[in-house]
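One letter stands for each residue in the lines below.
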Number of protein chains: 2
Amino acid sequence: MDAIGRAARAASAMLAAVPAEAKAQALRAAAARLRQDCGRVLAANAEDVAQARARGLTGSLVDRLVLDPARVEAMARGLEDIADLPDPVGGIIAEWERPNGLRIRRVRVPLGVIGIIYESRPNVTADAGGLCLKSGNACILRGGSESFASSRAIADAMRAGIASAGLPADAIQLVPTTDRAAVGRMLAMAEHIDVIVPRGGRSLIERVAAESRIPVIKHLDGICHVYVDAAADEAKARAVVMNSKMRRTSVCGAAETLLVDRAAAARLLAPLVRDLLEAGCEVRGDEAVRAVDPRVRPAAPEDWDTEYLDAVISARVVDGVDEAVAHVNRHGSHHTDAIVTEDRAAAARFTGRVDSAIVLVNASTQFADGAEFGMGAEIGISTGKLHARGPVGAEQLTSYKYVVLGDGQTRP
Amino acid sequence: MDAIGRAARAASAMLAAVPAEAKAQALRAAAARLRQDCGRVLAANAEDVAQARARGLTGSLVDRLVLDPARVEAMARGLEDIADLPDPVGGIIAEWERPNGLRIRRVRVPLGVIGIIYESRPNVTADAGGLCLKSGNACILRGGSESFASSRAIADAMRAGIASAGLPADAIQLVPTTDRAAVGRMLAMAEHIDVIVPRGGRSLIERVAAESRIPVIKHLDGICHVYVDAAADEAKARAVVMNSKMRRTSVCGAAETLLVDRAAAARLLAPLVRDLLEAGCEVRGDEAVRAVDPRVRPAAPEDWDTEYLDAVISARVVDGVDEAVAHVNRHGSHHTDAIVTEDRAAAARFTGRVDSAIVLVNASTQFADGAEFGMGAEIGISTGKLHARGPVGAEQLTSYKYVVLGDGQTRP
């Protein structure tokens, strides 16, 4: 691991000085090589899938693992999309002059070396590796054991492509073992790794956060809320609630809890609940919600703290925006929450007081996504407040330095 | 500690919604109360000083501890200066509209709760508390045992002033014990504290960084370099080197190593070394440096990695800007480094490749200071790359959230 760390540090020093176009060309070369090596990647993936089935993995876990030509092509195109993004490095974030004539510039620079620890999705190898390279960072990838052969084949193709474009292959390194102890060593290499980004289920992320001696950008799941205010428009409320919950139930931006203002309950609760039930969503409600439809199940206390990631929603009535804010801040995960209202004051109070990375007014929580924000590819959504909050794209994988231009100034 | 954490979290939720002028008034009220309680603060300080002397503390440690009316007045004025700074919270950092009509705003918000762990300077209680309040954060202060009574008296005065202005007194809390175990508990309260800022010597900072379960913004000392390039102007080189080393030798921005381009050595090495020696600075040099003056002592390998914080400098000749950059990145502390040159290409190569928070061209390393940058008060200089790098002022104690304004948009 130490040799990997030193190689990554050396590569990152080179990458920091590489012009934007050279990085874009390396990403396109990696994409081309990935297409060229598609057969090799699929063969490696077949090994992984066979072993997974042998170990008796279930359908959804295997499905995450399986690659086919379309998925490999999607990875390659993803790298080309990253190549086409604006380069985040080198831009002047701010510039000002001091009375003594010093010109101070805050200039965007790469973070350095990024450690990515992920589970069974082999495409993370390409997505994360590409985003790190775009932002001028070297990365150390530690994929899941189930997808090890696939990840190695993908990483080998990308390294070959990067090298063919004249950049250091060690810009992307895959930890060459599935030994769990390697993760522990990685999380202790503070001298070689600047930030750790875990991608996977809560248990992985919690283990990484608990063990890491290196700062962690957490990509946590979300307990997202939709609050329907007294001043909500019925059509918008019904559209936003339905889309937030049912568009895709397995994403971290999916709504898990519906809050309805008591003053709007008589008007909106029945249609909102009926829409959800008729769409095949189980509704677990408080007494007021259960009163509008016998199919509503009683909500238990733990429902308010549960991320279903399924066609299930908890629902309750609250007394106005302040009780809604209190519920969200107490039971939510500081990820993404929405208010539906035509009342600007209520919207401002909700967006101002809800302590979440993303707060929406009259829009679906499922917009919680870097691409939907116009940031291009993302490595995840940060629910932490330090450094990066919300979608983590190429720009969030950078730091800055101060460049101060003088003419011989000395400090009195 | 848990009760303190919960109280801080509750106070931070209130502070996040407080308008700028209310925070400024609370800071002025805290300053007024500090002046009013000056006698009480000095009496408490006298206790601390007596105990310190009884425990046989040395002159400089006691000097850091001692308060007098002028130092209390300086703390009060410092709080008023912070009150007059622009408020960092609530500003729109970026705003854009998506093709679907969603308007996305990145809005500056407080971090939440900041834990400050410091040593014997009681004025940190006022400076750090004021800066946290300015940025809308609650803070938990853990002062050194030597200055405990002084810190408590200062914190009590500030809390009373804040409360008199209608803001929660728990915006500033002092850990009411000098028990070392309290620090360990503080560093584990990730649910109540969002970031830890240690202020003090290397041993304190290293202990905090090693133990903390909470992100740490490190304010480390600095091994700062001045590189005098072949194309350096002699007058600027002599002024910048002398000021970088000798203006104040005890600050983290003081230069510790002089690097001179071999191509400039014949012209500049002798006057640079003579200036330093005649100013009373010990010079430890390589052979080329020793050759210009018999008073130069031989540099040992460890000199290149030593922060003297004293009238001592290590000096060597390097082969051009690339060897200078390599030396700085290998031996420096990523804090502050300067190049003296009239050659724009050399300056750009140095500023682009030196991996430090602050890189100066033709200016003294002693400008490494938030006030000198025009940022007003600072809580320290971050040598880390995540979240904050360089001077950490009120703005660096904030995060952001995304506020997304829609009109009923749903995601396809």
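Our subject is the structure listed above.
## Section: the sheet that holds strand β10 (residues 297-298) of chain B
Part 1 of the reasoning: The strand order across the open sheet built from ten strands is β1(A)-β2(A)-β16(A)-β13(B)-β12(B)-β7(B)-β8(B)-β11(B)-β9(B)-β10(B), with neighbouring strands paired in mixed fashion. Looking at strand neighbours, the two that pair on one side only are β1 (92-97) of chain A together with β10 of chain B, the edges of this open sheet.
Part 2 of the reasoning: For strand β9 (residues 282-285) of chain B and strand β11 (residues 312-318) of chain B, the ladder comprises four bridges, and the chain directions are parallel. Each residue of the ladder has a partner; that of Gly285(B), found in β11(B), is Ala315(B).
Part 3 of the reasoning: Where helix α11 (residues 262-278) of chain B meets the sheet, its contacts fall on β7 (224-228), β8 (255-261), β9 and β11 of chain B, and the angle it forms with β8(B) comes to roughly 150°.
Part 4 of the reasoning: Contacting β7, β8, β11 and β12 (336-340) of chain B, helix α13 (residues 320-331) of chain B crosses the sheet at an angle of about 175° to β7(B).

## What about the pairing of strand β9 (residues 282-285) of chain A?
Residue and element names in this part refer to chain A.
Part 1 of the reasoning: Of the two faces of β9, only the one carrying Val283 and Gly285 is buried; Glu282 and Arg284 on the other face are not.
Part 2 of the reasoning: Relative to strand β10 (residues 297-298), β9 runs parallel, the two sharing two bridges. Residue pairing in the sheet places glycine 285 in a bridge with proline 298 of β10.

## Section: the packing of aromatic side chains
How two aromatic rings sit relative to each other is set out by the distance from centre to centre and by the angle between their planes.
Part 1 of the reasoning: A complete count under the given rule lists eight aromatic pairs over all chains for this structure.
Part 2 of the reasoning: Relative to Phe373(B), the ring of Tyr402(A) has its centre 5.1 Å away and its plane inclined at 90°; by these criteria the two rings are edge-to-face. On the criterion of chain membership, the pair formed by Tyr402(A) in strand β16 (residues 398-409) and Phe373(B) in the loop between β13 (358-363) and β14 (380-382) is interchain, its members lying in two chains.
Part 3 of the reasoning: Classification of Tyr402(A) as buried rests on a relative accessible area of 0%.
Part 4 of the reasoning: Residue classification places Phe373(B) among the buried positions, given a relative accessible area of 2%.
Part 5 of the reasoning: Judged by centre distance (5.5 Å) and plane angle (80°), the rings of Tyr400(B) and Tyr402(B) are edge-to-face.
Part 6 of the reasoning: The ring of Tyr400(A) carries Arg106(A) above its face, with NZ or CZ at 5.0 Å from the centroid.

## Concerning the side chain of His387(B)
Part 1 of the reasoning: Within the secondary structure, His387(B) sits in the loop between β14 and β15 (390-392).
Part 2 of the reasoning: A polar side-chain atom of His387(B) sits 3.0 Å from the main-chain carbonyl oxygen of Gln396(B).
Part 3 of the reasoning: Setting aside anything within four residues of it in sequence, one finds His387(B) in contact with Lys385(A), Leu386(A), His387(A), Tyr400(A), Leu111(B), Ile217(B), Gln396(B) and Thr398(B).

## Some remarks on the sheet that holds strand β2 (residues 103-110) of chain B
Part 1 of the reasoning: As summarised here, the arrangement of the ten strands in space is β10(A)-β9(A)-β11(A)-β8(A)-β7(A)-β12(A)-β13(A)-β16(B)-β2(B)-β1(B), forming an open sheet in which the pairing is mixed. Two strands close off the open sheet at either side, each with one partner strand: β10 of chain A together with β1 (92-97) of chain B.
Part 2 of the reasoning: Strand contacts of helix α11 (residues 262-278) of chain A: β7 (224-228), β8 (255-261), β9 and β11 (312-318) of chain A, with the helix running at about 150° to β8(A), the strand carrying the most contacts.

## Description of helix α9 (residues 202-211) of chain B
Residues and elements named next belong to chain B.
Part 1 of the reasoning: Of the positions making up α9, those classed as buried are Leu204, Ile205 and Val208. All buried residues of α9 fall inside an arc of 95° around its axis, so they share one side.
Part 2 of the reasoning: At its buried positions, α9 is contacted by β3 (113-118) and β6 (195-199).

## Thoughts on unusual backbone geometry
Part 1 of the reasoning: Here Asn362(A), not a glycine, exhibits a phi torsion of approximately 55°, which is positive.
Part 2 of the reasoning: Take Asn362(A): it is sitting in strand β13 (residues 358-363).
Part 3 of the reasoning: A relative accessible area of 5% means that Asn362(A) is categorised as buried.
Part 4 of the reasoning: Not every positive phi belongs to a glycine, and His334(B) is a case in point at roughly 60°.
Part 5 of the reasoning: If you trace the backbone, His334(B) turns up in the loop between α13 and β12.
Part 6 of the reasoning: Taking relative accessible area as the criterion, His334(B) reaches 29% and is therefore assigned partly exposed.

Rules used throughout
- Residues numbered from 1 in each chain as written.
- Chains lettered and ligands numbered in written order.
- Predicted model: local features only at pLDDT ≥ 70, side-chain atom pairs only at ≥ 80, totals over all residues.
- Heavy atoms only, no water.
- Pairing = 2+ DSSP bridges.
- Helix = DSSP H or I, 4+ residues; strand = E, 2+ residues; numbered from the N terminus.
- Contact = heavy atoms within 4.5 Å.
- Axes fitted to C-alpha atoms, helices over the stretch in contact; angles between N-to-C directions.
- Buried < 20%, exposed > 50% of the residue type's maximum accessible area, 1.4 Å probe, protein only.
- Phe/Tyr/Trp six-rings, centres within 6.5 Å; stacked < 30°, edge-to-face > 60°.
- Lys NZ or Arg CZ within 6 Å of the ring centre and 35° of its normal.
- Polar contact = N/O pair within 3.5 Å; in protein donor to acceptor, adjacent residues only side chain to side chain.
- Arc of directions from axis to C-beta.

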